[in-house]
Amino acid sequence: MARHIHGLATTAAKLGFDVRIVAPGAFPAEAEPGYEVRTDAFGGLWHHVGWADIVHVHGSRNPIAGVAAAMARLRGKRLVYTPHCYYDDDAGLKQAAKWLWDRTVERRLLARSHAVVLLAQFWIDELRSRALAASSPVILPNCVLDTAVLSRVAPPRRLEGDPSLLYVGRLDRVKRLDDAILALSREGLTQAVLHIVGRGPDRDRLRKLATQAGVAERVRFHGFVPDVEVAAMAAGANCFVLPSAAEGGPTVLIEMLLMGCNVVASDIPANRAILAAAGWTEGLYPLGDVEALAATVKDIAGRRMPSDVTERAREAFTWERRTSLILELYGTHLRRGQSGSVPAVAGRPDAPLHERVWFLGCPVDLLDSAELLRRAETAGRGQGPRMRIEGLNVAKLVDARGNPDLSQALRDAELVHVDGKGIALGLAALGIKGERYAGIDLMLDACAQASKLGLSIYLLGARPEVVNAAAQRLHQRWPSLLIAGSRDGYFEQHEEAAVVDAINASGAAFLFIGISSPRKEIFLRENWEDLTVPVAMGVGGAFDVVSGRLPRAPRAVQKIGMEWLFRLCLEPRRLAMRYLRTNVIYASLLARAWFEKRIAATKARLL
């Protein structure tokens, strides 16, 4: 957790925030991190909370975190909470105390924080399994500072053993080092040596176990080892093992991937989330299966970590590449004169050329219509990276705040454009210029471009008669437009693979998805890796208009931003309560953001 906080604080400071870490026995700051460290935890906590605009508390079942959160609520501060991990390996009174905490303090923290930072998507289900829920979840993976990892690179220190196995971390029962020790007696590992770096209460028990298993001479306890020496050991080891029963988002796993060390880990959600993102799932084995652990180590230890695995880990789990999410959490409280931008990696050739901003918890890419269409055309011709294009309107923004799957789908999309007039007006109220480009207009413009370039399209969504009529009308409007295929949007989840196969087989350059939210966004996110189409756009109810089933608002009504009212008049029963709910919530969110910005600006002038 200390590395997570240090990396987050260092990056936030570089982005232009004033950062103060308050913790008893706080870890010493690494080289010039740019933030303050205070160790007067309980005694000075009221003062420190009063100093801050945002109070970010870390660690589940942490009394200091609970007290700081209560003080933040009392003083009207914005509260962010990161639980990190729940360990349940205790018994008796200690476990009973954890149970009581979860049903009182923890439940309130998760429900009343302005944002709850979860380290991976699986945390949603993890909380549900504990009868807990986060009211405002934000997925922000555990990350490390890439520059810090690179600074620790050292010449390999060849470790004894054939193969040599390395573990780095605390020695607790929940880490299940028993499995790694017992694996040493299995076929193929009789010459292996396990090097254990770290301290903890389980050390004596593990020594006894190694003796009983007859492998004591092949288990080395190194105790505390400085980071540079750990890096040298990782460079010289054949394999890193992490047999844990529970993890939140293990930092050491990320660091080993970045250092190019082969990894074998138990197949628990936290480990899988990291290794799947890096493309190294062959290193996973069933939790508690010693035979499978031994077999996986034997298979992995002789390999060389592919460089693309390291690069994917770097892209997914380094703070330098996650600055936009930090701005989402803290973005209204920059120091005066700061822009809120920091280069991900100097000289990255693939760095995005557009400006992505975070608006009320959702990403928006500030592109004008010409640039957005140009990028879609470039991708469609196969001359640029594949892209998912999503439109943001008021209803989707509000729904994303309570739907983690929809929220993550928007974050993952390569481009998110301003689809609704309400979003454009809200951005303007906060001093941000964002041009509206309605999804149906983007679709029609893309079809016009496709017809000129000889690119094909695929229509997915609506009822069969509607999507067929839409395809017919598009062909009538642009006779040269190639329509590679179409199908309705009424299919079950078990049919998705067949739908994906049909889209891929069509060879379409553009996929237009006319399915309601959040289903279309989630479908696209879950199937993106299997799809081969260069460009996919969510276009909502555009097929109803294109087919002629519903009229579109007159141009004059569109210009004044009242297209929603025109649709309400057409379908009052379906839309009335939805518009009432989402517009009221959106107005309150926007008002709050506007006042926060004004207060922050006033404070900045007084500094």
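Residues numbered from 1 in each chain as written. Predicted model: local features only at pLDDT ≥ 70, side-chain atom pairs only at ≥ 80, totals over all residues. Heavy atoms only, no water.

## Digging into the overall build of the protein chain
Alright, step 1. The helix and strand tally for the protein chain stands at 26 helices and 20 strands.
Alright, step 2. In summary, the protein chain has a C-alpha radius of gyration of 27 Å against a globular reference of 25 Å for 607 residues, a match within 12%.
Alright, step 3. Over its C-alpha atoms, taken along the principal directions, the protein chain stretches across nearly 80 × 60 × 45 Å.
Alright, step 4. Going through the 607 residues of the protein chain one by one, you find that 53% of them count as buried.
Alright, step 5. Summarising the internal contacts of the protein chain: among those between residues at least 6 apart in sequence, 71% fall at separations of at least 24.
Alright, step 6. Total accessible area computed for the protein chain in this model is approximately 27400 Å², and 54% of it derives from carbon and sulfur atoms.
Alright, step 7. Both charge centroids of the protein chain, one from 77 positive and one from 66 negative side chains, sit 6 Å from each other. (Helix = DSSP H or I, 4+ residues; strand = E, 2+ residues; numbered from the N terminus. Rg over C-alpha atoms; globule rule 2.2 N^0.38 Å. Buried < 20%, exposed > 50% of the residue type's maximum accessible area, 1.4 Å probe, protein only. Contact = heavy atoms within 4.5 Å. Areas by Shrake-Rupley, 256 points an atom, 1.4 Å probe, with all protein chains shown as cover. Lys, Arg positive; Asp, Glu negative; His and termini not counted. Charge placed at Lys NZ, Arg CZ, Asp CG, Glu CD.)

## Things to note about helix α18 (residues 421-429)
Alright, step 1. Regarding α18, the residues found buried are Ile423, Ala424, Gly426 and Leu427. The arc that holds every buried residue of α18, seen down its axis, measures 165 degrees, which confines them to one face.
Alright, step 2. Gly431 lies just past α18 and shows a positive phi near 80 degrees. (Arc of directions from axis to C-beta.)

## Topic: the packing of helix α17 (residues 404-412) against helix α22 (residues 519-527)
Alright, step 1. Between α17 and α22, whose axes approach to 9 Å, the crossing angle comes to 60 degrees. Between α17 and α22, the angle is such that the two are oblique. For the crossing formed where α17 meets α22, the hand is left-handed. On α22, the residues touching Asp405, Leu406, Gln408, Ala409 and Asp412 of α17 are Glu521, Ile522 and Arg525.
Alright, step 2. Partitioned by chemical class, the residues of the contact of α17 with α22 number three nonpolar, one polar and four charged. (Axes fitted to C-alpha atoms, helices over the stretch in contact; angles between N-to-C directions. Parallel < 35°, antiparallel > 145°, perpendicular 65-115°, else oblique. Left-handed = near helix turned anticlockwise from the far one by under 90°. Nonpolar A, V, L, I, M, F, W, Y, C, P; charged D, E, K, R; others polar.)

## Some words on the nonpolar core
Alright, step 1. Formed by 61 residues in total, the largest nonpolar core has its most connected members in Leu166, Phe240, Met256, Leu257 and Val263.
Alright, step 2. Formed by 38 residues, the second largest nonpolar core is a distinct cluster that contains Leu459, Trp478, Val535 and Phe543. (Core = buried A, V, L, I, M, F, W, Y, C linked by side-chain atoms within 4.5 Å.)

## Description of the confidence of the model for the protein chain
Alright, step 1. In this model, the protein chain carries a mean pLDDT of 84, and residues with pLDDT of at least 70 account for 91%.
Alright, step 2. A low-confidence stretch, residues 332-354 stays under pLDDT 50, and its non-local contacts, those more than four residues away or across chains, total 38 contacts. (pLDDT = per-residue confidence, 0-100.)

## Re the sheet that holds strand β6 (residues 137-139)
Alright, step 1. Strands sit in the order β3-β4-β5-β6 across an open sheet of four strands; the sheet is parallel. The two strands at the open ends of the sheet, each matched to only one other strand, are β3 (54-58) and β6. Neighbour-to-neighbour, the strand axes of this sheet turn through a mean angle of 25 degrees, independent of strand direction.
Alright, step 2. Relative to β6, strand β5 (residues 115-118) is paired through three bridges, and the arrangement is parallel. Counterpart to Val116 in the pairing with β6 is Pro137.
Alright, step 3. In the packing of helix α4 (residues 92-112) onto the sheet, the strands contacted are β3, β4 (78-82) and β5, and the crossing angle to β4 comes to about 120 degrees.
Alright, step 4. Helix-sheet contacts for helix α14 (residues 323-330) involve β3, β4, β5 and β6, and the interaxial angle to β3 is about 120 degrees. (Pairing = 2+ DSSP bridges.)

## A closer look at the packing of helix α1 (residues 2-15) against α14
Alright, step 1. At their nearest, the axes of α1 and α14 sit 10 Å apart, and the two run at 80 degrees to each other. One element, α1, and the other, α14, form an angle in the roughly perpendicular class. Of α14, the residues touching α1 (which contributes Leu8, Thr11, Ala12 and Leu15) are Thr323, Ile326, Leu327 and Tyr330.
Alright, step 2. Tallied by class, residues from the contact of α1 with α14 come to six nonpolar, two polar and no charged.

## Some words on the packing of aromatic side chains
Alright, step 1. This structure, assessed with the given rule, holds five aromatic pairs.
Alright, step 2. Ring plane angle 35 degrees and centroid distance 6.1 Å describe the contact between Phe122 and Trp123, whose orientation is recorded as tilted. Like Trp123, Phe122 is buried.
Alright, step 3. Look at Phe510 and Phe512: their rings are 6.3 Å apart centre to centre, the planes differ by 5 degrees, and that puts the pair in the stacked class. The pair formed by Phe510 and Phe512 is uniform in burial state, with each residue classed as buried.
Alright, step 4. The ring of Trp51 is capped by Arg20, whose NZ or CZ atom sits 4.0 Å from the centre of that ring. (Phe/Tyr/Trp six-rings, centres within 6.5 Å; stacked < 30°, edge-to-face > 60°. Lys NZ or Arg CZ within 6 Å of the ring centre and 35° of its normal.)

## Overview of unusual backbone geometry
Alright, step 1. In the segment running from Asp162 into Pro163, the intervening peptide bond is cis, with an omega of 5 degrees.
Alright, step 2. Among the secondary structure elements, Pro163 is positioned in the loop between α6 (146-151) and β7 (164-168).
Alright, step 3. Of note, the bond from Ser517 into Pro518 is cis; its omega dihedral lies within 30 degrees of zero at 5 degrees.
Alright, step 4. Along the chain, Pro518 turns up in the loop between β19 (510-514) and α22.
Alright, step 5. Unlike most non-glycine residues, Arg176 shows phi in positive territory, near 55 degrees.
Alright, step 6. Position of Arg176 among the secondary structure elements: in the loop between β7 and α7 (177-183).
Alright, step 7. One non-glycine residue, Ala462, adopts positive backbone phi at about 65 degrees.
Alright, step 8. Looking at Ala462, the relative accessible area reads 15%, which means it is buried.

## Remarks on the side chain of Thr82
Alright, step 1. Tracing the chain through its elements places Thr82 in strand β4.
Alright, step 2. Within the structure, Thr82 has its side chain in polar contact with the side chain of His56 (distance 2.7 Å).
Alright, step 3. Those residues in contact with Thr82 that lie beyond four places of it in its chain are His56, Val57, His58, Gly59, Val117 and Leu119. (Polar contact = N/O pair within 3.5 Å; in protein donor to acceptor, adjacent residues only side chain to side chain.)

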